[in-house]
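Residues per chain, in single letters:
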Amino acid sequence: MSRFPSISAHAQHPAYGVLRKVTDTASVMLADNPSIMTLDGTNTWILRAPDSVSCVVVDPGPLDEAHLTRVAACGPVATVLITHGHADHEAGAQRFAQMVNAPIRANDPALCRNGAPLTADTLISAAGLRLEVLATPGHTADSICLLLDHEDTTTVLTGDTILGRGTTVVAHPDGKLADYLTSLRLLADLPPGTQALPGHGPELPDVTHIAKAYLTHREQRLSQVRAAVEQLGGSPTARQVVEVVYADVDHVLWEAAEWSVGAQLEYLRTEG
């Protein structure tokens with residue numbers, strides 16, 4: 001019997017309330033907060049070397065006492081890491097850190113608790129693992145990814161920079177398209193076969209392939225936005241462009257699309 005609660009290597013995504021093993025060093029607890037923006041819910045990642053008692057928790061998720069209690073039962077927790085400051089990833093972090101008496105580290109100093117901010121190339125040694133911080137702004141200004149090398153396996157925790165299905169929004173005005181494209185190129189240059197452990201949706205076998213597909217998608221959308229601006233004339237609003245470019249997309253997604261289109265319009269004004 002496992003010494004950790006409810007670990008299952010057989011459960012498939014999505015699996016609520018179950019600690020689902022994904023790799024030798026990474027398991028996931030899916031928060032029950034599904035929505036248009038969160039897909040099936042927020043993935044809270046629990047990382048530990050096979051022989052480690054303690055663990056690292058990435059993105060405790062929303063302020064959901066039942067979810068936080070299940071994650072806390074996986075402890076002891078050496079440290080809590082936040083991929084970015086959206087509430088579905090970090091609203092429960094302060095409460096969780098109190099429950100498990102662990103520090104919180106994030107790129108944004110305002111989210112940290114008894115720990116230094118995470119910046120590009122920060123190295124974290126905990127729970128028998130070594131994690132490298134990749135600065136990947138774009139979805140938000142404070143977005144990071146976490147590169148984990150263990151024995152012959154390389155994985156990257158991507159937060160919302162890359163999702164398990166679909167594409168993510170560039171949360172304008174905080175998120176910048178130019179930054180996001182640079183971040184996607186960084187991920188596309190990782191070793192082939194690097195598995196992606198996203199903040200939402202199922203894990204992906206090769207982040208480099210997905211990052212390249214994201215880049216192609218962004219280039220296509222940018223061309224569509226440029227054409228829509230020419231069609232509309234003047235200085236159209238993001239909403240006006242959305243109504244042209246996303247005419248065949250469910251209107252419930254238009255609000256999120258406005259963020260990305262706002263970022264694209266800014267990119268066209270500043271980058272051409």
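None of the values given here were measured: they were computed from a predicted structure. (Residues numbered from 1 in each chain as written. Predicted model: local features only at pLDDT ≥ 70, side-chain atom pairs only at ≥ 80, totals over all residues. Heavy atoms only, no water.)

A.B. asks: What is the right way to read unusual backbone geometry from this model?
C.D. replies: A negative phi holds for most residues other than glycine; trans holds for most peptide bonds. Here the amide bond leading from His 13 into Pro 14 is cis, since omega sits at -5°, within 30 degrees of zero. Inspection of the secondary structure assignment puts Pro 14 in the loop between strand E1 (7–8) and strand E2 (19–21). Even without a glycine there, the phi angle at Asn 114 is positive, about 60°. You can see Asn 114 is positioned in the loop between strand E7 (104–105) and strand E8 (123–126). If you check the backbone angles, Ala 127 has positive phi at about 55° while not being a glycine. By secondary structure assignment, the location of Ala 127 is in the loop between E8 and strand E9 (129–135). (Helix = DSSP H or I, 4+ residues; strand = E, 2+ residues; numbered from the N terminus.)

A.B. asks: Whenever I open this one, the side chain of His 67 confuses me. Can you help?
C.D. replies: Note that His 67 resides in helix H1 (residues 65–72). Among the residues examined, His 67 registers a relative accessible area of 0% and is labelled buried. Polar contacts involving the side chain of His 67 include one to the side chain of Thr 44, which spans 2.9 Å. Beyond its immediate stretch of four places on either side in the chain, His 67 contacts Met 29, Leu 30, Ala 31, Thr 44 and Pro 60. (Buried < 20%, exposed > 50% of the residue type's maximum accessible area, 1.4 Å probe, protein only. Polar contact = N/O pair within 3.5 Å; in protein donor to acceptor, adjacent residues only side chain to side chain. Contact = heavy atoms within 4.5 Å.)

A.B. asks: Explain the environment of Arg 70 here, please?
C.D. replies: With respect to the helices, strands and loops of the structure, Arg 70 is situated in helix H1. We classify Arg 70 as partly exposed; its relative accessible area is 31%. In this structure the C-alpha to C-alpha distance between Arg 70 and Thr 216, which are 146 residues apart in sequence, comes to 39 Å. Each residue touching Arg 70, except ones within four places of it in the same chain, is listed here: Gly 17 and Met 29.

A.B. asks: I tried to follow the pairing of E8 on my own but got confused; where do I start?
C.D. replies: Within a regular beta strand, the side chains point alternately toward one face of the sheet and then the other, so they alternate between its two faces. Where burial is concerned, the two faces of E8 differ: the one with Ile 124 and Ala 126 is buried and the one with Leu 123 and Ser 125 is not. Strand direction decides the pairing type here: E8 and E9, joined by four bridges, are antiparallel. By the bridge assignment for E9, Ser 125 is matched with Arg 130. Here E8 hands over to E9 after two residues, with Ala 127 in that stretch at a positive phi of 55°. (Pairing = 2+ DSSP bridges.)

A.B. asks: Hey, could you run me through the packing of helix H4 (residues 177–188) against helix H7 (residues 254–271) in this one?
C.D. replies: Think of two packed helices as two axes; the pair is described by the angle between the axes and how far apart they sit. At a closest axis distance of 8 Å, the pairing of H4 and H7 adopts a crossing angle of 95°. Between H4 and H7, the interaxial angle falls into the category roughly perpendicular. Residue-level inspection shows Leu 177, Ala 178 and Leu 181 of H4 in contact with H7, the latter providing Ala 263, Gln 264, Tyr 267 and Glu 271. When its residues are assigned to classes, the contact of H4 with H7 shows five nonpolar, one polar and one charged. (Axes fitted to C-alpha atoms, helices over the stretch in contact; angles between N-to-C directions. Parallel < 35°, antiparallel > 145°, perpendicular 65-115°, else oblique. Nonpolar A, V, L, I, M, F, W, Y, C, P; charged D, E, K, R; others polar.)

A.B. asks: Looking at this structure, I do not really get the sheet that holds strand E10 (residues 144–150). What am I missing?
C.D. replies: The strands that make up a sheet pair up through hydrogen bonds in the backbone, lying either parallel or antiparallel. On the basis of which strands lie adjacent, the open sheet formed by five strands has the order E8-E9-E10-E11-E12 and mixed pairing. The strands lining the two open edges of the sheet, one partner per strand, are E8 and strand E12 (195–198). Shown here is a sheet whose adjacent strand axes are inclined to one another by a mean of 25°, direction ignored. Pairing of E9 with E10 involves five bridges; the strand directions are antiparallel.

A.B. asks: What's the story with the side chain of His 139 in this structure? I'm lost.
C.D. replies: With respect to the secondary-structure elements, His 139 resides in the loop between E9 and E10. According to the relative accessible area criterion, His 139 is buried, its value standing at 3%. Polar contacts involving the side chain of His 139 include one to the main-chain carbonyl oxygen of Val 169, which spans 2.7 Å. The contact partners of His 139, leaving out residues within four places of it in the chain, are His 84, His 86, Asp 160, Thr 168, Val 169, Val 170, Ala 171, Gly 175 and Tyr 180.

A.B. asks: Explain the nonpolar core to me, please; I cannot follow it from the model alone.
C.D. replies: Most often, soluble globular proteins keep nonpolar side chains buried together rather than apart. Counting residues in each nonpolar core, the largest one holds 37 residues, and the members touching the most others are Val 156, Ile 162, Leu 187 and Val 261. For this core, the leading source of residues is helix H5 (residues 207–232), giving eight residues. Residues contacting Val 156, with those up to four places away along its chain left out, are Leu 134, Cys 145, Leu 146, Leu 147, Leu 187, Leu 190, Thr 194, Gln 195, Ala 196, Leu 197 and Val 207. Ranked by size, the runner-up nonpolar core spans 21 residues in total, among them Val 22, Ala 127, Leu 131 and Leu 157. (Core = buried A, V, L, I, M, F, W, Y, C linked by side-chain atoms within 4.5 Å.)

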